[in-house]
Amino acid sequence: MQRRFQGPPTAFVVIAVAVVQVVGTVFAAGRQPGHRPLDLVAFGLLLAGPAALSLRRRAPGVMLPVAAAATITYLLAGYPWGPAPLSLALAIVFSAAAGRRWQTWIVVGACAAVLLGVVAAGGDEGALVRAVAGVSWLVILVLLGEGARLRGERVAERRQQQESREQAARDEYRLTLARDIHDVVAHSLSMINVRASVALHLGDRDPEQFRSALEAIKSASKESLDEVRQLLGVLRDDAPLRPAAAPGLGKLPELMDHARRAGIEVRFDERIGQPVPGAVQETAYRIVQEALTNVVRHAGARHAAVVLEAAAAGPETGRLTVTVDDDGRGAAGAAEGNGVTGMRERAAALGGSVQFLPLEPGWRVRAVLPLTGASRSGASRSTASNSGARAAPAPGEERQ
């Protein structure tokens with residue numbers, strides 16, 4: 001709901017208006033000997049208008065009629081002129097600013113009718129001019145209130161838009177951290193699990209292989225801890241918003257080595273003929289990382305191939321194509337896990353896409369990443385991340 005114009009504190013308004021109306025009218029009465037002298041009823045009416053202003057937030061529908069009744073009664077009773085209409089003027093502004101448009105115009109119309117009726121009954125030409133001026137001021141007061149209302153609505157709207165942008169940025173940042181942590185932990189734990197299984201299987205039969213498996217576990221766990229510390233560090237107030245060194249294409253050979261240590265024969269083919277932005281490199285790295293993790297954990301494959309292509313000319317220019325093939329049992333029918341969802345979101349954040357295709361035998365992960373997509377806004381990334389098509393799942397096998 002949009003915020004309405006609030007104005008100064010109510011207590012300050014009530015006290016200030018009461019003082020001005022009472023003190024100002026007392027001074028003005030000394031110069032108007034022909035009017036009815038001030039009495040208790042006059043002071044009661046002079047205080048009734050400011051008292052009505054105290055209702056501007058609790059009961060705005062009562063405020064304006066009470067202030068108008070007190071002011072009109074005071075003037076019709078023949079008491080001296082002065083600042084007595086001040087409470088009515090403020091009540092009109094506050095009522096219009098609060099959005100009570102119809103009530104404000106009805107009360108203003110009634111006040112104008114009373115004012116013109118009194119002038120017509122007196123037949124004084126000078127009074128007629130003053131009456132027209134008074135009606136004009138009533139209209140101006142309503143317009144001032146409307147202007148305050150519109151300004152308050154614009155301020156509230158801008159504040160709401162700013163809060164929405166900040167919330168979208170926080171959500172996007174949280175999803176990015178969740179994807180990074182998942183990719184790091186899932187990949188490292190998969191490799192550790194595979195090497196630990198090898199170590200348990202070998203036992204005392206092959207001490208060299210046993211020692212090699214333990215060294216691989218130690219190396220993988222150390223790398224995982226370092227990356228997790230780096231990712232969690234950004235949650236601290238004094239840390240940068242992004243990790244200091246995001247992984248890029250230069251670290252892909254390490255991923256291949258980890259997969260080879262897990263028993264997968266990996267072939268790596270890199271055909272890149274143009275510069276690749278850092279954000280695209282990080283996305284390509286994470287997609288390859290998650291694809292190889294699934295190969296190790298779920299595919300039951302013996303061979304895998306990772307191909308990166310970014311042609312310097314021709315129809316393929318301006319985009320990086322990442323393909324990861326394996327000869328495992330595929331994933332047709334499997335429920336889609338966080339890893340697959342993360343791959344889709346990462347590619348969509350750059351304006352790219354990811355496809356999951358069955359092979360005979362095996363499975364293919366193919367991502368197309370525009371090399372100009374790294375500068376897309378967070379809002380576009382959030383929208384695009386929900387627009388990708390779902391991959392075909394696989395019977396009894398969940399790809400993370």
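Residues numbered from 1 in each chain as written. Predicted model: local features only at pLDDT ≥ 70, side-chain atom pairs only at ≥ 80, totals over all residues. Heavy atoms only, no water.

1. Side note on the overall build of the protein chain
Move 1: When helices and strands are counted, the protein chain shows 11 helices and 5 strands.
Move 2: Put simply, of all contacts in the protein chain between residues at least 6 apart along the chain, 76% involve residues at least 24 apart. (Helix = DSSP H or I, 4+ residues; strand = E, 2+ residues; numbered from the N terminus. Contact = heavy atoms within 4.5 Å.)

2. Here we look at the packing of aromatic side chains
Move 1: In the structure shown here, the tally under the stated rule is 1 aromatic pair.
Move 2: Considering the side-chain rings of Tyr-74 and Tyr-79, the 5.2 Å spacing of their centres and the 20° angle between planes classify their relative orientation as stacked.
Move 3: Taking relative accessible area as the criterion, Tyr-74 reaches 1% and is therefore assigned buried.
Move 4: Exposure remark for Tyr-79: the relative accessible area of 1% places this residue in the buried category.
Move 5: Positioned above the aromatic ring of Phe-94, the side-chain terminus of Arg-56 is 4.4 Å from the ring centre. (Phe/Tyr/Trp six-rings, centres within 6.5 Å; stacked < 30°, edge-to-face > 60°. Buried < 20%, exposed > 50% of the residue type's maximum accessible area, 1.4 Å probe, protein only. Lys NZ or Arg CZ within 6 Å of the ring centre and 35° of its normal.)

3. Quick word on the side chain of Asp-326
Move 1: With respect to the element layout, Asp-326 can be found in strand β3 (residues 319-326).
Move 2: For Asp-326, a relative accessible area of 5% puts it in the buried group.
Move 3: Of note is the side chain of Asp-326, whose polar atom sits 2.8 Å from the backbone nitrogen of Gly-328. (Polar contact = N/O pair within 3.5 Å; in protein donor to acceptor, adjacent residues only side chain to side chain.)

4. Some words on the sheet that holds strand β5 (residues 363-370)
Move 1: Here 5 strands make up an open sheet; going across it, the order is β1-β2-β3-β5-β4 and the pairing mixed. Of all strands in the sheet, those with a lone pairing partner are β1 (265-272) and β4 (353-358), marking the two edges. On average, adjacent strands in this sheet sit at an angle of 10° to one another, irrespective of strand direction.
Move 2: Running at roughly 165° to β1, helix α8 (residues 252-261) makes contact with β1 and β2 (303-310) of the sheet.
Move 3: Across the sheet, helix α9 (residues 278-299) touches β2, β3, β4 and β5, and the angle it forms with β3 is around 10°. (Pairing = 2+ DSSP bridges. Axes fitted to C-alpha atoms, helices over the stretch in contact; angles between N-to-C directions.)

5. Observations concerning the nonpolar core
Move 1: Core analysis: the biggest nonpolar cluster contains 38 residues, and Leu-252, Ile-287, Val-288, Leu-292, Val-306, Leu-320 and Val-365 have the highest contact counts within it.
Move 2: Of all the secondary structure elements, the ones that give two or more residues to this core are α8, α9, β2, β3, α10 (338-349), β4 and β5.
Move 3: With 10 residues, the top contributor of residues to this core is α9.
Move 4: The contact partners of Val-306, leaving out residues within four places of it in the chain, are Met-256, Val-266, Arg-267, Phe-268, Asp-269, Val-288, Leu-292, Thr-323 and Val-324.
Move 5: Membership of the second largest hydrophobic core comes to 24 residues, among which are Val-14, Ile-92, Val-93 and Val-108. (Core = buried A, V, L, I, M, F, W, Y, C linked by side-chain atoms within 4.5 Å.)

6. Regarding helix α2 (residues 40-53)
Think of an α-helix as turning once every 3.6 residues; residues three or four places apart then point the same way.
Move 1: The end-to-end C-alpha distance of α2, which contains 14 residues, comes to 21 Å, matching closely the 20 Å that a straight helix rising 1.5 Å per residue would cover.
Move 2: Every buried residue of α2 is listed here: Ala-42, Leu-45, Leu-46, Gly-49, Pro-50, Ala-52 and Leu-53.
Move 3: As for α2, its buried residues are in contact with α1 (10-29), α3 (60-76) and α4 (86-97).
Move 4: Its side-chain oxygen placed 3.2 Å from the backbone nitrogen of Val-41, Asp-39 serves as the N-cap of α2. (Expected span 1.5 Å × (residues − 1).)

7. A few points about α8
Move 1: The set of residues buried in α8 consists of Leu-252, Leu-255, Met-256, His-258 and Ala-259. Taken down its axis, α8 places every buried residue within 160° of arc, on the same side.
Move 2: After α8 finishes, the residue Gly-263 shows a positive phi value of roughly 95°. (Arc of directions from axis to C-beta.)

8. A word on the pairing of β4
Move 1: As defined by bridge partners, β4 adjoins β5 across 6 bridges and the pair is classed as antiparallel. Bridge pairing links Gln-355 to Arg-366 in β5.
Move 2: Linkage of β4 to β5, two consecutive antiparallel strands, is achieved through a turn of 4 residues, within which Gly-362 is found at a positive phi near 115°.

9. Regarding the pairing of β3
Move 1: Burial within β3 is extensive, with 7 of its 8 residues counted as buried.
Move 2: Sheet topology places β2 next to β3; 6 bridges connect them, and they run antiparallel. Bridge pairing in β3 places Val-306 opposite Val-324.
Move 3: Pairing between β3 and β5: 8 bridges, direction antiparallel. Across the sheet, Thr-321 pairs through a bridge with Val-368, a residue of β5.

10. Let's talk about unusual backbone geometry
Move 1: A cis amide bond links Glu-360 with the next residue in sequence, Pro-361, at an omega value of -5°.
Move 2: Inspection of the secondary structure puts Pro-361 in the loop between β4 and β5.

11. Brief notes about the environment of Leu-249
Move 1: By secondary structure assignment, the location of Leu-249 is in the loop between α7 (207-233) and α8.
Move 2: Measuring from C-alpha to C-alpha, the distance between Leu-249 and Ala-284 comes to 7.4 Å, with 35 residues separating the pair along the chain.
Move 3: For Leu-249, the residues in contact, after removing those within four places along its chain, are Glu-270, Ile-272, Val-276, Gln-281, Ala-284 and Leu-308.

From the geometry alone we can't say anything about function, so treat these as descriptive.
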